[in-house]
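# Per-entry structural report
Residues per chain, in single letters:
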Amino acid sequence: MAELRDSHLRYLLAIYELGKSTPDMGTQAVAKALNCSKASVTKMTGILMDMGLLVRERYGKIYLTDTGFLLAKDMLRCVEVICNRLPAVGFDLTREETAALARAIVLSLPEHCQEWLARHGGGRKTEIMK
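Here we summarise the structure given alongside this text.

Calculation rules
Residues numbered from 1 in each chain as written. Predicted model: local features only at pLDDT ≥ 70, side-chain atom pairs only at ≥ 80, totals over all residues. Heavy atoms only, no water. Buried < 20%, exposed > 50% of the residue type's maximum accessible area, 1.4 Å probe, protein only. Helix = DSSP H or I, 4+ residues; strand = E, 2+ residues; numbered from the N terminus. Arc of directions from axis to C-beta. Contact = heavy atoms within 4.5 Å. Phe/Tyr/Trp six-rings, centres within 6.5 Å; stacked < 30°, edge-to-face > 60°. Axes fitted to C-alpha atoms, helices over the stretch in contact; angles between N-to-C directions. Parallel < 35°, antiparallel > 145°, perpendicular 65-115°, else oblique. Left-handed = near helix turned anticlockwise from the far one by under 90°.

## Topic: helix α6 (residues 111-120)
Regarding α6, the residues found buried are Q114, L117 and A118. Down the axis of α6, the buried side of the element spans an arc of 95°, and every buried residue falls inside it. For α6, exposure combined with an orientation more than 90 degrees from the buried face picks out H112, R119 and H120. Looking at the buried residues of α6, the elements they touch are α4 (66-85) and α5 (95-108).

## Notes on the packing of aromatic side chains
Applying the stated criterion across every chain, the model contains one aromatic pair. Ring centres of Y16 and F69 lie 5.3 Å apart, and the angle between their planes is 55°; on these two criteria the pair is classed as tilted. Of this pair, Y16 sits in helix α1 (residues 6-21) while F69 sits in helix α4, and the two are 53 residues apart along the sequence. Y16 sits in the buried class, given a relative accessible area of 10%. Note on F69: relative accessible area 40%, which makes it partly exposed.

## A look at the packing of α1 against helix α2 (residues 27-34)
Two elements in contact, α1 and α2, have axes separated by 10 Å at closest approach and are oriented at 110°. When the axes of α1 and α2 are compared, the pair comes out roughly perpendicular. The element α1 and its partner α2 pack so that their crossing is right-handed. The segment α1 lies against α2, with R10, Y11, A14, I15 and L18 engaging A29, V30, A33 and L34.

## Considerations on the packing of α2 against helix α3 (residues 38-50)
It is at 8 Å that the axes of α2 and α3 come closest, and there the two elements cross at 110°. Classified by the angle their axes make, α2 and α3 are roughly perpendicular. Like other packed secondary-structure pairs, α2 and α3 cross with a definite hand, here right-handed. Along its contact with α2, which presents T27, Q28, V30 and A31, the element α3 presents K38, V41, T42 and T45.

What follows is the structure, given as structure tokens:
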């Protein structure tokens, strides 16, 4: 699989979160959630499909593959842990800035650290800004 970048993670997490309440979602729902164009979502869904994380079915419905679902679940957990711990550093960050920084930190961690955070990170869950 190609290297996961911040933009990939942002879309992957948004699709994962949307899938909890809207199992049959299309690019329009993702575009609305991320406040971006449908064309941007279409381009990114193609990239995520090439990475084996997403499938697109008839009528434009998109779904995470098993691999995509498990990756999104683990990555969301890692981002949540980092988001919950960042305020202790003392930065004056907005929720959006905190989420962006948490995603960047998670993506820069070695895989074994990501795995540890996903399983043992502790801390309370929080809503992640996309």
